[in-house]
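# Coordinate analysis (summary)
Each chain, letter by letter, is given below.
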Amino acid sequence: MGKRWTLAWIHQQGHDCHGRLLPQGSRQRTSVCLTCFFPDIPFGGAMAGVRIDPRRYSEHELEKITRHFTVEMAKKGFIGPGIDVLAPDVSTGEREMSWIADTYTHTLGYRDINAQACVTGKPISQGGIHGRHSATGRGVLHGIENYITNTDYMDCIGLSPGFPGKTFVLQGFGKVGLHTMKYLHEYGARCVCVGETDGAIYNPRGIDPKELEDYEQGHGTIVGFPKAEPCDGSILEVPCDILIPAAIEKQLTRENAPRVQAKIIAEAANGPTTPAAHEIFLQRNILVIPDVYVNAGGVTVSFFEWLKNLNHVSYGRLSFKYERESSYHLLQSVQHSLEQWFGKARGEIPIVPSPEFQARVTGASEKDIVYSGLAYTMEQSAKQIMTMAARYNLGLDQRTAAYLCALEKVFTVYNEAGFTY
């Protein structure tokens, strides 16, 4: 059989690191760069990729392409634990990140003890971290949660606080969309419409995320899901409380923005809203939670994984047993004090912990620590944005407030460090 040759274009744009900006780059790279400034993550926002359709290639061919891509990046100094740390994006996942880590470790990084930290989003066996797979979706949950539980913002758009009873529409049923749907469903919201490249489905009574996931895995598409009907129009215009574009950029434009019927738009994708559409949403009193904030969960947990690789120890390993035993000693101490106070003649006084406390008594797992750190990071970032919006009287314009937060940090770095010559 003859060989098949394909020319694959490799794209790489200059990186920023540790609070310093490079002048070149696309809007998307700049967006990711600003995303890193909110939680004070020392990543820059560089973008790189191979321009191919992965569906046309076998697993073996994709592995060869990925490994060759890694070698070319390494030869040019574009990858390394302290240079440029890669992470999964469109059409990539744990498999591709594992190939990249293995290639770098056995080539340029063969003498570097921190070589595994050249890439995040790896399988657990290759130095990955628990919770990374669903991190972006969980970040979207917390991003929405910090606004939907805020009475002031909900009063501005005419919604009651909290998730229960809220409806949402999801564009994109990839990794981010799936986990976002799962978490919002768990918190009491109801998904009424899901759209993908080959079609959309609608059910006003709600779509179960697990059932849809099982159907999609078995059929390779969400189209034909038996517990929903086809949606022929634009899903971006379906009536709902929360619209979540989790696919690609420039989906909400000047043309369709006037017909959007959501009260909240959470930008799980990078750049799904054009500037013209954003202005229309402000005029229509629609709250847009910007991408630079709401989809920061992935890069945040990537940062946690990077730190894990540099420290060469998993989160909780050094303190797990101590914390568990401390909790049991606390319960025994409380029981002993009560028995002394009331007298043992009345018999033992059992201390029965609540299910929530019992779950914590056993100690925090790595996933527990990661989820806790992510929730705290998203909460603090939301407070920064809201404070900035209040300072400049920006109202619902959270995007401008977010940009001001990030740019203020950029200015502080340059102002205090000075300019290099």
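Note: the structure precedes this text.
Description of the structure in this document. Remember, predicted model here, so these are calculated numbers, not experimental data.

Let us now look at the overall build of the chain. Helix and strand counts for the chain stand at 14 helices and nine strands. Relative to its full complement of 421 residues, the chain shows a buried share of 46%. Considering only residue pairs separated by 6 or more positions, the chain has 63% of its internal contacts joining residues 24 or more positions apart. Total accessible area on the chain stands at roughly 21900 Å², and carbon and sulfur atoms take up 55% of it.

This part is about the packing of aromatic side chains. Tallied over the full model, the rule gives eight aromatic pairs. Aromatic pair Tyr215 and Phe225: ring centres 5.7 Å apart, planes at 75°, arrangement edge-to-face. On the criterion of sequence distance, the pair formed by Tyr215 in helix α7 (residues 209-219) and Phe225 in the loop between α7 and β6 (229-230) is long-range, its members being 10 residues apart. There is no split in this pair, since Tyr215 and Phe225 are both buried. Taken together, Phe43, Phe303, Phe304 and Trp306 form an aromatic cluster joined through their ring pairs. The aromatic ring of Tyr183 is capped on one face by Arg138, whose charged end is 4.9 Å from the ring centroid.

The subject of this paragraph is unusual backbone geometry. The backbone of Lys250 shows a phi angle near 55°, a positive value even though the residue is not glycine. If you check the backbone angles, Asn393 has positive phi at about 55° while not being a glycine. Along the chain, Asn393 turns up in the loop between α13 (366-391) and α14 (398-417).

This brings us to the nonpolar core. Within the largest apolar cluster, 69 residues are counted, with the highest numbers of intra-cluster contacts made by Ile144, Met181, Val194, Leu212, Ile244, Ile264 and Leu287. When residues in this core are grouped by element, the largest group, nine residues, is from α13. If near-sequence neighbours (up to four positions away) are discounted, Met181 is found in contact with Phe168, Leu170, Phe173, Cys191, Val194, Ile207, Asp208, Pro209 and Leu212. Counting residues in hydrophobic clusters, the runner-up holds 20 residues, among them Cys193, Leu252, Ala277 and Ile280.

The subject of this paragraph is the pairing of strand β3 (residues 167-171). The side chains of a regular strand alternate, residue by residue, between the two faces of the sheet. Here β3 lies mainly inside the structure; five of its five residues are buried. Where β3 lies against strand β4 (residues 190-196), five bridges are found, and the strand directions are parallel. The partner of Gln171 across the bridge, within β4, is Gly195. Considered for its hand, the β-α-β crossover made up of β3, helix α6 (residues 175-186) and β4 is right-handed. As defined by bridge partners, β3 adjoins strand β7 (residues 242-245) across four bridges and the pair is classed as parallel. Within the sheet, the bridge partner assigned to Leu170 lies in β7 and is Ile244.

A few words now on the packing of helix α4 (residues 135-148) against helix α10 (residues 297-311). Where α4 contacts α10, the axes come no closer than 7 Å and their chain directions differ by 125°. The orientation of α4 with respect to α10, classified from their angle, is oblique. Judged by the twist between their axes, the crossing of α4 over α10 is right-handed. Residues Ala135, Thr136 and Gly139 of α4 lie in contact with α10, whose contacting residues are Gly297, Gly298 and Val301. Residues of the contact of α4 with α10, tallied by class, amount to two nonpolar, four polar and no charged.

Together, Leu330, Val334 and Phe357 make up a nonpolar patch on the protein surface, roughly 230 Å² of accessible area in all. Examined against the element boundaries, Val334 turns out to sit in helix α11 (residues 320-342).

Quick look at the environment of Val299 now. Examined against the element boundaries, Val299 turns out to sit in helix α10. Placed 160 residues apart in sequence, Val299 and Gly139 show a C-alpha to C-alpha distance of 9.8 Å. Among residues more than four places away in sequence, those in contact with Val299 are Thr35, Cys36, Ile41 and Phe43.

Positionally, Asn114 belongs in the loop between α3 (94-105) and α4. Residue class for Asn114 comes out partly exposed when judged on its relative accessible area of 22%. Put simply, Asn114 and Asn309 are 195 residues apart on the chain and 6.7 Å apart in space, counted from C-alpha to C-alpha. Those residues in contact with Asn114 that lie beyond four places of it in its chain are Pro81, Asn309, Leu310 and His312. A polar side-chain atom of Asn114 sits 2.8 Å from a polar atom in the side chain of His312.

On to α13. The end-to-end C-alpha distance of α13 is 38 Å, a good match for the 38 Å that 26 residues give at a rise of 1.5 Å each. For α13, the complete set of buried residues consists of Glu366, Val370, Tyr371, Leu374, Thr377, Met378, Ser381, Ala382, Ile385, Met386, Met388 and Ala389. Where α13 is buried, its residues meet α4, α5 (151-157), α6, α9 (291-294), α10 and α14. Downstream of α13 by one or two residues, Asn393 has phi in the positive range, about 55°.

Among the seven residues that make up β4, five are buried, leaving the element largely enclosed by the rest of the structure. Both β4 and strand β5 (residues 199-202) contribute to a ladder of four bridges, which runs antiparallel. When the bridges of β5 are listed, Val194 appears paired with Ile201. Connecting the antiparallel pair β4 and β5 is a turn made up of two residues.

About the thresholds
Residues numbered from 1 in each chain as written. Predicted model: local features only at pLDDT ≥ 70, side-chain atom pairs only at ≥ 80, totals over all residues. Heavy atoms only, no water. Helix = DSSP H or I, 4+ residues; strand = E, 2+ residues; numbered from the N terminus. Buried < 20%, exposed > 50% of the residue type's maximum accessible area, 1.4 Å probe, protein only. Contact = heavy atoms within 4.5 Å. Areas by Shrake-Rupley, 256 points an atom, 1.4 Å probe, with all protein chains shown as cover. Phe/Tyr/Trp six-rings, centres within 6.5 Å; stacked < 30°, edge-to-face > 60°. Lys NZ or Arg CZ within 6 Å of the ring centre and 35° of its normal. Core = buried A, V, L, I, M, F, W, Y, C linked by side-chain atoms within 4.5 Å. Pairing = 2+ DSSP bridges. Right-handed = clockwise from strand over helix to strand, strands pointing away. Axes fitted to C-alpha atoms, helices over the stretch in contact; angles between N-to-C directions. Parallel < 35°, antiparallel > 145°, perpendicular 65-115°, else oblique. Left-handed = near helix turned anticlockwise from the far one by under 90°. Nonpolar A, V, L, I, M, F, W, Y, C, P; charged D, E, K, R; others polar. Patch = residues over 30% accessible without salt bridge, like charges linked within 9 Å, V, L, I, M, F, W, Y side chains within 5 Å. Salt bridge = Lys/Arg side-chain N within 4 Å of Asp/Glu carboxyl O. Polar contact = N/O pair within 3.5 Å; in protein donor to acceptor, adjacent residues only side chain to side chain. Expected span 1.5 Å × (residues − 1).

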